[in-house]
Amino acid sequence: MSTDQPAEQPADQPAEQATAAASGAAATERFRTHAKQNSGTTDTDTRRVDTLVSELLAATHAVIRRHQVTYAEYDALKAWLIQVGQDGEWPLFLDVWIEHVVEEVAGESREGSKGTIEGPYYVPDAPRLPADATLPMRDDEEGTPLLFQGQVTSVDGTALAGATVEMWHADNDGYYAQFAPGLPEWNLRGTVIADDQGNFRIHTIEPAPYRIPTDGSCGRLIAAAGWHAWRPAHLHLKVSAPGHQRVTTQLYFKGGSHVQDDIASAVKPELILDPAPAADGNGRDVTYDFVLDKA
Ligand code: MBD
Ligand code: FE
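What counts, and where the lines are drawn
Residues numbered from 1 in each chain as written. Chains lettered and ligands numbered in written order. Predicted model: local features only at pLDDT ≥ 70, side-chain atom pairs only at ≥ 80, totals over all residues. Heavy atoms only, no water. Near = heavy atom within 4 Å. Polar contact = N/O pair within 3.5 Å; in protein donor to acceptor, adjacent residues only side chain to side chain. Areas by Shrake-Rupley, 256 points an atom, 1.4 Å probe, with all protein chains shown as cover. 1 Å grid on protein atoms, 1.4 Å probe; cavity = no way out; pocket = protein on both sides within 12 Å on 5 of 7 lines; lining within 4 Å. Sits in = over half its atoms within 2 Å of the grid points. Helix = DSSP H or I, 4+ residues; strand = E, 2+ residues; numbered from the N terminus. Nonpolar A, V, L, I, M, F, W, Y, C, P; charged D, E, K, R; others polar. Donors = N, O, S within 2.8 Å, 3.2 Å for Na, K, Ca; no water. Buried < 20%, exposed > 50% of the residue type's maximum accessible area, 1.4 Å probe, protein only. Domains from an automatic or database assignment. Contact = heavy atoms within 4.5 Å. Buried area = accessible area lost by both parts, 1.4 Å probe. Salt bridge = Lys/Arg side-chain N within 4 Å of Asp/Glu carboxyl O. Points joined across faces, edges and corners; volume = space filled by probe spheres on them. Expected span 1.5 Å × (residues − 1).

Student: Explanation requested: the site of ligand 1 in the structure shown.
Tutor: Residues in close proximity to ligand 1 include Leu92, Val96, Ile117, Gly119, Pro120, Tyr121, Tyr176, Tyr210, Arg231, His234 and His236, which together make up its full environment. Separating an oxygen atom of ligand 1 from a side-chain N or O atom of Tyr176 is a distance of 2.9 Å. For ligand 1, an oxygen atom lies 2.9 Å from a polar atom in the side chain of Arg231. Computed on the free molecule, ligand 1 has an accessible area of 260 Å², of which 100% lies beneath the protein chains in the complex. Cavity membership is defined here by more than half of the atoms lying within 2 Å of grid points; on that basis ligand 1 lies in the largest cavity. Looking at the shell around ligand 1, the elements with two or more residues in it are α4 (90-97) and β9 (234-240). Split into classes, the residues belonging to the shell around ligand 1 amount to seven nonpolar, three polar and one charged.

Student: Could you clarify how one ought to interpret the coordination of the iron ion (ligand 2) in this entry?
Tutor: By definition of the ideal shapes, a tetrahedral metal site with four donors has angles of 109.5 degrees and an octahedral site with six donors has angles of 90 or 180 degrees. Ligation of the iron ion (ligand 2) by protein atoms is provided by Tyr176 (OH), His234 (NE2) and His236 (NE2), these donors lying 1.9 to 2.1 Å from the ion. Sequence spacing of the donors to the iron ion (ligand 2): Y-x57-H-x1-H. One end of the pair, Tyr176, is in the loop between β4 (164-169) and β5 (189-193); the other, His234, is in strand β9, with 58 residues separating them in the sequence. Take Tyr176: its relative accessible area is 3%, and that puts it in the buried class. Taking relative accessible area as the criterion, His234 reaches 3% and is therefore assigned buried.

Student: What exactly am I supposed to notice about the domain arrangement of the protein here?
Tutor: Buried accessible area, meaning the area lost when the parts come together, often serves as the stated size of an interface. Along its sequence, the protein is carved into domain 1 (16-39 + 97-292) and domain 2 (44-88). On a C-alpha basis, the centroid separation for the pair domain 1 and domain 2 is 31 Å. Taken together, the contact pairs nine residues of domain 1 with five residues of domain 2. Here domain 1 and domain 2 share an interface that buries about 530 Å² over both sides, 54% of which is from carbon and sulfur atoms. Inspection of the region where domain 1 meets domain 2 yields zero salt bridges. Taken together, the elements giving at least two residues each to the side of domain 1 that touches domain 2 come down to α1 (20-33) and α6 (217-225). Among the elements that take part in the side of domain 1 that touches domain 2, α1 stands out by supplying five residues, more than any other. Grouping the amino acids of the side of domain 1 that touches domain 2 by side-chain chemistry returns four nonpolar, four polar and one charged.

Student: Got a minute to help me understand empty space enclosed by the protein in this structure?
Tutor: Over the atoms, a rolling probe the size of a water molecule traces out where space has been left empty. According to the stated counting rule, one finds three cavities of 30 Å³ or more in the structure shown. By volume, the largest cavity amounts to about 110 Å³. Lining the largest cavity are 16 residues, and of these Gly119, Pro120, Tyr121, Arg231 and His234 lie nearest its centre. In terms of residue count, α4 provides more of the lining of the largest cavity than any other element does, three residues in total. In terms of residue class, the lining of the largest cavity is built from nine nonpolar, four polar and three charged.

Student: Got a minute to help me understand α1 in this structure?
Tutor: An α-helical segment advances 3.6 residues per turn. Residues three or four places apart therefore align on the same side. Between its terminal C-alpha atoms α1 stretches 20 Å, which fits the 20 Å expected from 14 residues at 1.5 Å a residue. Looking only at α1, the buried set comprises Ala20, Ser23, Gly24, Ala26, Ala27, Thr28 and Arg30. Packing partners of the buried residues in α1 comprise α4.

Shown next as C-alpha cells:
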C-alpha cells in the first residue's frame, strides 16, 4: 500500500499529481489485504450463489431487451469493464455505486447510531491516541480547525469506558493519506481511545469535498453519463467497544456542497453535523455522541 509510494515529496509538489491508477492500485491492494468482512465466495452456499448470480444476470438481460442494446454498446461495456480492473478502480466503483444498499440491509436491525458506507480508503491500525488528541497532521496543514467531541455509550445508556474511535478523512485538498502521493503515511488518520466515561475530544481540520478522479474509468463513466463526480466533505469513523457491535459511519457538514446529491448516496439526515464557531475563536466545534448496539 504505502510501500510503493514515493517517500515524502518536496512541499512544492503537492498531492495534485494523484492519479486514478495510483489511488486505484492502492485501494485494490488495501482490499486484498483487509477485505471489509474478511470473507469471500468460498463460504457462500452454492444455492445462494446460484440465486444471486442468476437474478443479477436476468436483470441485465432484461435491460438489454428493454433498451435494444447494440453490439457497439456491448463492446463499449466490455472494454470499460476490462479497463476498470486495469485502473484498479473496482473498489471505488463498488463502494460509490453499490455499497450503500449493502449497508442499508446490514444496518436494518441496529438501534444505535446510524452507519453508512466504509468506502475504499480505510486503513486499519492508525496510530493510537489518547482521549484528548490531535490527529497526525503536517505542521502547515491547511483547513479550518475542527474540534470533534462526544461520548460513546451503549444502547442501555452505560458509558463505554475506553471505547475506540477510529477517524480518517481527506485533507483540505480532498486527498487521503496512503492513496495520494506526497502525504505523510498517517496524515489525518488516528485511533482515539475514549476516557473512563467514554468521552473523546479530537482536534483536526475540516476536510474538503472529495472528487472521484476524472482520469480513470469511474471518471470516464461519470463524464459519459453526464453525472457529477462529487462526494460532500465528510469524516469517516469506526467506533467500537468490547461486547458491542462496531459502527462504521461518516459525518457531513450542514450546508456543504453535495450534501443533497452525494454521488455515493451515503448521506442520511442523522449524519449531518452543524458545527458552531469555536469557543477559542479558532475554527469550529461540534459534539456528536455514539450509541453502540450490543454484540
Ligand atoms: C471516498 O472518500 C469515499 O468515502 C467513498 C465512499 C468513495 C470514494 C471516495
Ligand atoms: Fe471518503
